[in-house]
Amino acid sequence: MVRAQRAKDGATGRIGAGTRVRGRIAGEGGLDVEGHVEGDVSLEGSLLVADGGEISATSLEVSDLLVEGTVRGDVRAQGDISIASTGSLVGSVKSATFSMEEGAHFEGDLDNDFELPAELLELAGAGKRR
Amino acid sequence: MSATIIGPGITIEGEVVSDDEVTVSGTVRGKLSARGGVTIERGAHVEADIQGGAMAIAGSVTGNVVSSDRVDLQNGARVIGNVKATRITIADGAQFKGNVDMDT
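Residues numbered from 1 in each chain as written. Chains lettered and ligands numbered in written order. Predicted model: local features only at pLDDT ≥ 70, side-chain atom pairs only at ≥ 80, totals over all residues. Heavy atoms only, no water.

Student: Help me understand the overall build of chain B, please; the structure alone is not making it clear to me.
Tutor: When helices and strands are tallied, chain B shows zero helices and 15 strands. The C-alpha atoms of chain B give a radius of gyration of 12 Å, which matches the 13 Å a tight globule of 104 residues would have. By its C-alpha atoms, chain B is 30 × 25 × 20 Å across when sized along the principal axes. Counting the 104 residues in chain B, one finds 46% classified as buried. (Helix = DSSP H or I, 4+ residues; strand = E, 2+ residues; numbered from the N terminus. Rg over C-alpha atoms; globule rule 2.2 N^0.38 Å. Buried < 20%, exposed > 50% of the residue type's maximum accessible area, 1.4 Å probe, protein only.)

Here's what the structure looks like:
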């Protein structure tokens, strides 16, 4: 999803492979991280952590996130969070949709608002009563 | 390696250190240091000491600027701080308040 957006709109910002940011990144527009970021990110836009890119944060708030590199920290996305086969994400995750490719690494809690099919809802309800 | 671009909607509060070139169209508060060239575009706000290679400044900078090469203050630039570089140009339409040090 983020890759498709990039192909269409491009990114407004990029932290290059040889660049290290220590601090807070905020704002709007798509951001590609190929280098290292130590600090929180709050972005009205999509965040792409490319293969080789790394973010260590307490919290990340973005509209969409694609992890092809490494992310440590709790992530909240309004839209989609995807972890590619090369990607690693350690932290709690809350988003509308979540997906990970085979080979992806994920450690943490997943909190998504999605509706269970009716038969599963009954099972969940039965589980609670017990 | 690809250059670093801080887009027009983006604010970084902290330290940016790069082995490469850095272009700022947004806002940086803190410290900016690059081994390559630094471009501060028109409309950009930098409240930071800047260190780097060749620099082209057309935006607003509050802080000391140290270049291993040249500094060009272009039309639209607004610089408050000291500038240290081997070569310096100040274009018509650039505002500058501070000291110049061209001592190599």
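Student: When you look at the interface of chain B and chain A in this model, what are you seeing that I'm missing?
Tutor: Interface size is commonly expressed as the accessible surface area that is lost when the partners come together. Counting residues at the interface gives 19 residues for chain B, matched by 20 residues for chain A. Between chain B and chain A, a total of about 1500 Å² is buried, with carbon and sulfur atoms accounting for 48% of that surface. Viewed at the interface, chain A and chain B are joined by zero salt bridges. On the surface where chain B and chain A come into contact, there are twelve residue pairs in polar contact (both at pLDDT 80 or more). For the side of chain B that touches chain A, the elements supplying multiple residues, two or more each, are β1 (4–6) and β2 (10–18) of chain B. Residue contributions to the side of chain B that touches chain A peak at nine residues, all from β2 of chain B. A breakdown of the residues in the side of chain B that touches chain A according to their chemical character gives nine nonpolar, seven polar and three charged. As judged from the nine bridges shared by strand β2 (residues 19–28) of chain A and β2 of chain B, these two strands associate in the antiparallel manner. Paired with I25 of chain A across the strands is I12 of chain B, a residue of β2 of chain B. (Contact = heavy atoms within 4.5 Å. Buried area = accessible area lost by both parts, 1.4 Å probe. Salt bridge = Lys/Arg side-chain N within 4 Å of Asp/Glu carboxyl O. Polar contact = N/O pair within 3.5 Å; in protein donor to acceptor, adjacent residues only side chain to side chain. Nonpolar A, V, L, I, M, F, W, Y, C, P; charged D, E, K, R; others polar. Pairing = 2+ DSSP bridges.)

Student: Just checking my understanding: could you explain the pattern of salt bridges for this structure?
Tutor: Between side chains of opposite charge, pairing is possible as soon as their charged atoms come close. Residue and element names in this part refer to chain A. Across all of its chains, the model carries 13 salt bridges over all chains by this definition. A salt bridge links D111 to K94; the nearest nitrogen and oxygen atoms lie 3.7 Å apart. With D111 in strand β15 (residues 110–112) and K94 in strand β12 (residues 93–95), this residue pair connects regions lying 17 residues apart in the sequence. On the basis of relative accessible area, K94 is assigned to the partly exposed category, the value being 26%. Each of R20, R22 and E38 takes part in one network of salt bridges that share partners.

Student: Got a minute to help me understand the side chain of E68 of chain A in this structure?
Tutor: Residue and element names in this part refer to chain A. Within the element layout of this structure, E68 appears in the loop between β8 (64–67) and β9 (70–77). With a relative accessible area of 13%, E68 lands in the buried category. Reaching out from E68, the side chain makes a polar contact with the side chain of R3 at a distance of 2.7 Å. Beyond its immediate sequence surroundings of up to four residues, E68 is in contact with R3, L48, V49, A50, D51, A84, T86 and G87.

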